[in-house]
There are 2 protein chains.
Amino acid sequence: MVNREYLAMLGNKSVIRELSEYATARGKEIGYENVFDFSLGNPSVPAPDSYRDISIRLLQEEEPLKLHGYNPTMGDPRVKQMVAETLNKRFGMNYEAGHIFPTSGAAGAIAHALRCVTEPGEEVMVFAPYFSEYDPYIKGTGADIRVVAAKTDDFQINFEAAETVFSEKTAAVLINTPNNPSGAVYTEETLTRLAEVLTEKSAQYGHTIFLISDEPYREIVFDGKKQAYPAKFYPHTLTCYSYSKSLSVPGERVGYVAVSPDCEQADKMVAMMGQISRGLGHNCPSSLPMLAAAYCGDETSDLSVYETNMNLLYDTFKELGFTVPRPGGTFYIMPKALEDDAVAFCKKALKYDLVFVPGDGFHARGFFRVAYCVDTEKVERSLPAIRRFVETEYPNR
Amino acid sequence: MVNREYLAMLGNKSVIRELSEYATARGKEIGYENVFDFSLGNPSVPAPDSYRDISIRLLQEEEPLKLHGYNPTMGDPRVKQMVAETLNKRFGMNYEAGHIFPTSGAAGAIAHALRCVTEPGEEVMVFAPYFSEYDPYIKGTGADIRVVAAKTDDFQINFEAAETVFSEKTAAVLINTPNNPSGAVYTEETLTRLAEVLTEKSAQYGHTIFLISDEPYREIVFDGKKQAYPAKFYPHTLTCYSYSKSLSVPGERVGYVAVSPDCEQADKMVAMMGQISRGLGHNCPSSLPMLAAAYCGDETSDLSVYETNMNLLYDTFKELGFTVPRPGGTFYIMPKALEDDAVAFCKKALKYDLVFVPGDGFHARGFFRVAYCVDTEKVERSLPAIRRFVETEYPNR
């Protein structure tokens, strides 16, 4: 017999995927350029030329046996060194190569980080709204997910609600800033308060509560600002990164965990991840893409289009009377729907070829996510459709 | 607190790794070219030029957003189609793209295949000698590993011993042919008998016992022969493949699971693997390496060196009086040690700068593994050292 649990999961189609498939099908009828598909978080700007140039140079100049050979269980030493140096320079950290564990994207990073600092039956706290794949990530470790309600005025952390969710079983807190789906960028105040709370709760329960910080959107921050680096605020931090968004290479599956040198058991964590890999069938990210990404250092694709798109959409939503926190980064915005049922709201939007995702799957009922990683020209063309949708369907808003 | 289980695993250093580290350290003293390091199964011939050329062409000609973009959960349709066509042509199968699940190497393939067809508490049968990483692979699923004793005269399957290991909890049988560590190539007779036994036991227990066939060495077969394709013999077969050995790209982590179209639930398996990926943090292999490998089709590196090396070593071992089944493929040979304790035997060999791996870790006590994926010139230089070792330490063998 096949595994019944996984078999049963086949029924559960993700809403995002369903909407994206609808958009593709509709695109075949009216031309995909006429479908305002804001459903998927797929980068819309190409990788920088240097990513391609470095890849080609490595293929041409490195000995194939070395370039394509097995990596040590704990990762390519060159990659680890380059990542540590870049992070130290940018964020004033003091990582050594031994604190860096290269992974298959952020998904791989979170899978390893979670298993390092939790045991089955313990709890991992997340703050709504959150990326819905955190559910299988956490469930896969045997730990339980505990959700803190959203602070819907600005999508920073709802510390009051968190107070009721902490328990002695809390092993780790998983944050994501800049945030998918809200676009919120956690402020220094938020991160300072979070560190205070974690320190206090760790003392109260007699064990360290670890912070897992998922940061694939770290480089997409607007208004000339920077994302404050969470590991600077709290010592027991495992930083999970992916190059998917900064270099627009999500299919290449490259990222890392950086274990703060001040973290409990910092000197053992990466070796533990090496052991964890064995059971997961992970065995390091692919050599060439990982090496090319690491050589790119802190270079990125031209990410400015996302800010342009955000401003166009934010201004339009505001003008139309939406309640909508202004995103500080990412390529998402999360306005409040114009009726309580965001699913019904998004269904109506489809009539105008506008594909939005209801916030329910992100634990943000009544809100909807707009992923504006699309060409600006398309965003501009979508604005009249948004206006028509809202004015027709919600004339008395 | 960090996870205690993984923390405790840090003590368990693999014997192979320990020996390999010894060889590296010794190499620093006397020059690595003078250490006859037969410890690691790392390909010694470069990737074919076409792998590099295809990679460069893809980087130069494909749209970066498409080339490096997210793959669908169940894998790149182009890759799936190419793999299906190649397997159909070579082995007379009738796979469709939907039966292929691209993975991060064979480790990823086995991790997914095992989870598809087992539930925690069930049993997976393996035949000694076997690749020691099968232990964490199987343990990671929650199933139990059950080992069938080796048939040491030829390292085919010991069906008599298997009879005592089958139980109603047997969910799957995991085979590896050509075999690491023995070099055995399962014959048509072995595979026919295996299919008969699995069919009989499935009927007896009232549930299908699945066959997971791990085939990274499929292309390294000697004497002009071919490995018979296990899925042709038994319908309920999940074939796990890696390009690591055939293309010498183990660091790129590319492979696949091919679900036999005649397998129970064949139409659901790949979708289940898509669900399994979510908990493992896997999310498809890297785009560029996977695509390049698939475009290589059934091309391989020049693998002939392994046969040359095998013959040199086999003849020498035979001449020196060893009991040693002649390998049919791979880059391993597994002679019987000249004393009962293979660990003691391998320790003595180190004095002659010969690095062999005791068979104990492969469940083949009293034997030792020689990995001859090294330059032929080095194999030739090792022969006098082997002779001196044996004649000095075991004069009365």
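Please read all numbers here as calculations on a predicted model, not as lab measurements.

Asker: How would you explain the state of the cysteines if you had to name every residue and give the values?
Answerer: What the rule picks out here adds up to zero disulfides over all chains. No disulfide involves Cys373 of chain A; its nearest neighbouring cysteine sulfur is the one of Cys346 of chain A, lying 16 Å away.

Asker: Outline helix H10 (residues 266-280) of chain B, supporting the account with residue identities and numerical values.
Answerer: Since there are 3.6 residues in each turn of an α-helix, residues three or four apart along the chain are aligned in direction. Residue and element names in this part refer to chain B. The first and last C-alpha atoms of H10 sit 22 Å apart over 15 residues, in line with the 21 Å expected at 1.5 Å per residue. Listed in full, the buried residues belonging to H10 are Ala266, Met269, Val270, Ala271, Met272, Met273, Gly274, Gln275, Ile276, Ser277, Gly279 and Leu280. Trailing H10 by a residue or two, Gly281 shows a phi angle of about 70°, which is positive.

Asker: So what about the interface of chain B and chain A? Which residues, and what values?
Answerer: Quite often, the size of an interface is put as the accessible area lost when its parts meet. Contact with chain B, which involves 75 residues of that partner, is made by 75 residues of chain A. Buried surface at the junction of chain B and chain A, summed over both partners, amounts to about 6,100 Å²; 56% is from carbon and sulfur atoms. Of all residues in chain B, the largest losses of buried area upon contact with chain A belong to Met1, Tyr70 and Arg278 of chain B, amounting jointly to 12% of the total for that side. Linking chain B with chain A are four salt bridges, by the criterion used here. For Glu119 of chain A, the salt bridge identified is with Arg4 of chain B, shortest N-O distance 2.7 Å. Our enumeration of links across chain B and chain A arrives at 31 residue pairs in polar contact (both at pLDDT 80 or more). Put simply, the parts of the chain that give the side of chain B that touches chain A at least two residues each are helix H1 (4-9), helix H3 (49-61), helix H4 (64-67), helix H6 (105-117), helix H7 (134-139), H10 and helix H11 (287-295) of chain B. No other element matches H10 of chain B, which puts nine residues into the side of chain B that touches chain A. Split by residue class, the side of chain B that touches chain A holds 35 nonpolar, 28 polar and 12 charged.

Asker: Report on the sheet that holds strand S11 (residues 357-358) of chain A, specifying residues and quantitative values.
Answerer: Residue and element names in this part refer to chain A. Across the sheet, three strands lie side by side as S9-S12-S11; this open sheet has antiparallel pairing. Each edge of the open sheet is held by one strand with a lone partner, namely strand S9 (332-333) and S11. One ladder, built from two bridges, connects S9 with strand S12 (residues 368-371); its direction is antiparallel. Pairing of Ile333 across the sheet is with Val370, part of S12.

Reading the values: the criteria
Residues numbered from 1 in each chain as written. Chains lettered and ligands numbered in written order. Predicted model: local features only at pLDDT ≥ 70, side-chain atom pairs only at ≥ 80, totals over all residues. Heavy atoms only, no water. Disulfide = S-S within 2.5 Å. Helix = DSSP H or I, 4+ residues; strand = E, 2+ residues; numbered from the N terminus. Expected span 1.5 Å × (residues − 1). Buried < 20%, exposed > 50% of the residue type's maximum accessible area, 1.4 Å probe, protein only. Contact = heavy atoms within 4.5 Å. Buried area = accessible area lost by both parts, 1.4 Å probe. Salt bridge = Lys/Arg side-chain N within 4 Å of Asp/Glu carboxyl O. Polar contact = N/O pair within 3.5 Å; in protein donor to acceptor, adjacent residues only side chain to side chain. Nonpolar A, V, L, I, M, F, W, Y, C, P; charged D, E, K, R; others polar. Pairing = 2+ DSSP bridges.

Function cannot be inferred from these measures alone, as they are strictly geometric.
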